[in-house]
Amino acid sequence: MSPTLSLAWKSARNRKVTAILSILTVAISVILLLGVERIRTQAKSSFANTISGTDLIVGGRSGQVNLLLYSVFRIGNATNNIDWKSYQEFSQHRAVEWAIPISLGDSHKGFRVMGTNHSYFEHYRYGQKQNLTFSQGAKFDGLFETVVGADVAKQLGYKIGSEIIIAHGISDVGFSRHDNLPFKVVGILAPTGTPVDKTVHVSLQAIEAIHVGWESGANLGNTPEAHQLNAMDFQPKQITAVMLGLKSKLQTFALQRQINTYTKEPLSAILPGVALHELWGMMSVAEQALMAVSGFVVIAGLLGMLSSLLTSLQERRREMAILRAMGARPKHVFSLLILEASSLTFIGIIAGTLALYLILTLASPIIQQSYGINLSIITLSSYELSLLGLVQLAGTVIGFIPALRAYKQSLSDGMTIRV
Amino acid sequence: MKTNNQPPVIELSQVSFTWPGNDSPTLAIPQLHVNQGEHLFVKGPSGCGKSTLLSLLTGINTVTKGKVTVLNQCLSDLPGNQRDKFRADHIGYIFQQFNLLPYLSVIENVTLPCQFSKQRRSQVSGDLQTEAKALLNKLHLSESLMNKPVVELSIGQQQRVAAARALIGKPKVIIADEPTSSLDHDNRTAFIELLLDQVNHAQSTLLFVSHDPTLEPLFDRSIDLRSLNQVGGEQ
């Protein structure tokens, strides 16, 4: 079959423009198909990697997706806080191994500020149960010390020793800044690819301290100075949520039930995995729509190739007749067309895949920055390979249509040149 | 059936051919013999069954009645793909004009039949390219033309490339279907003389179809398809 392949190649090269256009339509549809698939799976894994190792998240009574969104993704706000006493009670529960209290509500230049304690740095895990690590510095110890996430440090150019002002609420405007109480950066976390990178961490006590004089929600002018506050002892009264790690997974449901039916305060306890799943499920409609669109683009691309192959058949009748006279059999003519369709598809797939990697290399820093989705440049997964295989198969099958026509034509035309 | 010491290369007996869907036959030839090494001129204007006759001789179509024997092989006995193989192995074919594949080089055009026939490849001793060049040289095509794209060649030059393609691998039968109709008179004679030389050299049998009676004297024998074909003129 190799003479046929070389004939198919030379013949297609003779019709360069249409061949290149066919390759381009296939390549573009492959870029879209793989691109959507990449974004889908990586967004999903980026999502699932946000939190790991936490058995329960406890917050004020609300839906599990809402609680997950504000406690883990720092999206939206808590509807209710938790009383410090409840935190103490559950953190000392016999089933609980560790507890991370978190307190949200303030911001710094668009990044959320989170009050927490040292157990956050010890027990919080993301990805494949990875601990948080410091790229520089260490945990906060003093009241006005802060540890910032990797993105915060990078985007705002913070180093160890930088001083930052925290704003009340999430809109960072002049009158709402806690500007008499600057914080000093003492630690910068290594990048995690999770919302942690975009978080400014301070101690729970600091959150209480900067709000002295802000009880009504605005600064009424009687905020004490930093040295006075340092001397005071701040016991938080309320926090936003608690992340719990249990001694045994078996106790998860029992404790969840106990928290959900807690009588002193309306609380919700959620399993992060289940909530993540539900959250992703909400987005699956968009996900499926994207997949469907890229599927249709592939079909459109292949149909474009089909139409150009069919159009070319009419003008190739002379070519077929000459080949027949030179001893080519109808099966040669048939395989000539199949080979052309499948090679065009194949080259299109290769070109599309290469172009996708080029685009990913160029665009992934931008996507990472603006959407927080980490598109790592990885080799093709077996699912992606099977998608490409499917495109190749479809391209070859589509080649049967012009091939059959050419076969019939060459049977009826024989060596008569009909133009 | 190969008992006679010099059997005809082409033999038609009581041949009749009707296109599918037609009521009356297009071609009816009671008898035709072409001997080994003969140069036969077949005269006939278009519409007298010329294409039909050629399609029967090359095995593209098979007779409705009667028998077409080429090189002792009854063509209607062979299944379609065997007839294709038979044509590839034994018949060199020259078309009227625009004969060459534009996307192949001159040499590639000439060697094309050897791509489809092992037998014709095996008739070429040594390198295929060298043989193609030698044939082209004998047909007075200079070396410098061989690397040009075929579309830049003149019609006369293209026809000589087509002749080389029909001759490569020394097929037993060469069929030329009005190969000179687009050439001027001087070129016609020159082309035919070159062709006949090479046909003799390859010891092939030539069947030359044309409607131009002035070429007749160049051939051993001439037949008029209009008188041969009993249904001629009805088409």
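Residues numbered from 1 in each chain as written. Chains lettered and ligands numbered in written order. Predicted model: local features only at pLDDT ≥ 70, side-chain atom pairs only at ≥ 80, totals over all residues. Heavy atoms only, no water.

S.K.: So what exactly am I meant to see when it comes to the sheet that holds strand β5 (residues 73-74) of chain B here?
M.R.: Across a sheet, paired strands are connected by hydrogen bonds in the backbone, their directions being either parallel or antiparallel. All names here are of chain B. Overall, antiparallel pairing links the 4 strands, which are arranged β2-β1-β4-β5 in an open sheet. Pairing within the sheet leaves two strands with one partner each, and these edge strands are β2 (27-34) and β5. Of the strand pairs in this sheet, strand β1 (residues 10-17) and strand β4 (residues 65-70) are connected by 5 bridges, and their pairing is antiparallel. Counted as the bridge partner of Glu11 is Thr69 from β4. Its contacts with the sheet put helix α1 (residues 50-57) on β1, β2 and β4, and the angle it makes with β1 is roughly 120 degrees. (Pairing = 2+ DSSP bridges. Helix = DSSP H or I, 4+ residues; strand = E, 2+ residues; numbered from the N terminus. Contact = heavy atoms within 4.5 Å. Axes fitted to C-alpha atoms, helices over the stretch in contact; angles between N-to-C directions.)

S.K.: When you look at the confidence of the model for chain B in this model, what are you seeing that I'm missing?
M.R.: Detail in the predicted coordinates should be disregarded across regions flagged by low pLDDT. Confidence in the prediction of chain B, expressed as mean pLDDT, is 85, and 95% of residues score 70 or more. On the interface metric, ipTM, the complex scores 0.80, and its pTM is 0.72. (pLDDT = per-residue confidence, 0-100.)

S.K.: Help me understand the side chain of Ser71(A), please; the structure alone is not making it clear to me.
M.R.: Position of Ser71(A) among the secondary structure elements: in helix α3 (residues 64-71). The residues contacting Ser71(A), other than those within four sequence positions of it, are Ile57(A), Ile102(A), Leu104(A), Ala241(A) and Met243(A).

S.K.: I tried to follow the domain arrangement of chain A on my own but got confused; where do I start?
M.R.: In many reports, interface size means the accessible area that the parts give up when they come together. All names here are of chain A. With domains assigned, chain A is organised as domain 1 (2-47 + 281-413) and domain 2 (56-270). In this assembly, 4 residues from domain 1 lie in contact with 5 residues from domain 2. Roughly 430 Å² is buried in total at the junction of domain 1 and domain 2, and carbon and sulfur atoms are behind 55% of that figure. Viewed at the interface, domain 2 and domain 1 are joined by 0 salt bridges. If you look at where domain 1 meets domain 2, you find 0 residue pairs in polar contact (both at pLDDT 80 or more). Looking at the side of domain 1 that touches domain 2, its residues break down into 2 nonpolar, 2 polar and no charged. (Domains from an automatic or database assignment. Buried area = accessible area lost by both parts, 1.4 Å probe. Salt bridge = Lys/Arg side-chain N within 4 Å of Asp/Glu carboxyl O. Polar contact = N/O pair within 3.5 Å; in protein donor to acceptor, adjacent residues only side chain to side chain. Nonpolar A, V, L, I, M, F, W, Y, C, P; charged D, E, K, R; others polar.)

S.K.: Where do I start with the interface of chain A and chain B in this structure?
M.R.: Contacts between the two partners involve 21 residues from chain A and, on the opposite side, 23 residues from chain B. Taken together, both faces of the contact between chain A and chain B bury some 2,200 Å²; the carbon and sulfur share is 67%. Along the contact surface separating chain A from chain B lie 2 salt bridges. Ionic pairing is found between Arg324(A) and Asp84(B), a salt bridge with its closest N-O pair at 3.0 Å. Inspection of the region where chain A meets chain B yields 4 residue pairs in polar contact (both at pLDDT 80 or more). Those elements giving two or more residues to the side of chain A that touches chain B turn out to be α1 (2-14), α11 (317-325) and α12 (330-371) of chain A. Looking at the side of chain A that touches chain B, the element that brings in the most residues is α11(A), giving 7 residues. Broken down by class, the residue content of the side of chain A that touches chain B amounts to 11 nonpolar, 5 polar and 5 charged.

S.K.: It is not clear to me how the pairing of β4(B) should be interpreted in this structure. Could you clarify?
M.R.: In regular strands, side chains alternate between the two faces of the sheet. The pairing of β4(B) with β5(B) spans 2 bridges and is antiparallel. Its bridge partner lying in β5(B), Val70(B) is registered against Gln73(B).

S.K.: Which parts of the structure should I look at to understand the packing of helix α3 (residues 106-116) of chain B against helix α6 (residues 155-167) of chain B?
M.R.: Each pair of packed helices can be summarised by the angle the axes make with each other and by the distance between the axes. Residues and elements named next belong to chain B. Contact pair α3 / α6: the axes reach a minimum separation of 7 Å and the direction vectors enclose 35 degrees. Handedness of the α3/α6 crossing: right-handed. Taking contact as the criterion, the partners of Val106, Asn109, Val110, Leu112 and Pro113 in α3 are, on α6, Val161, Ala164 and Arg165. Among the residues making up the contact of α3 with α6, the classes are represented as 6 nonpolar, 1 polar and 1 charged. (Left-handed = near helix turned anticlockwise from the far one by under 90°.)

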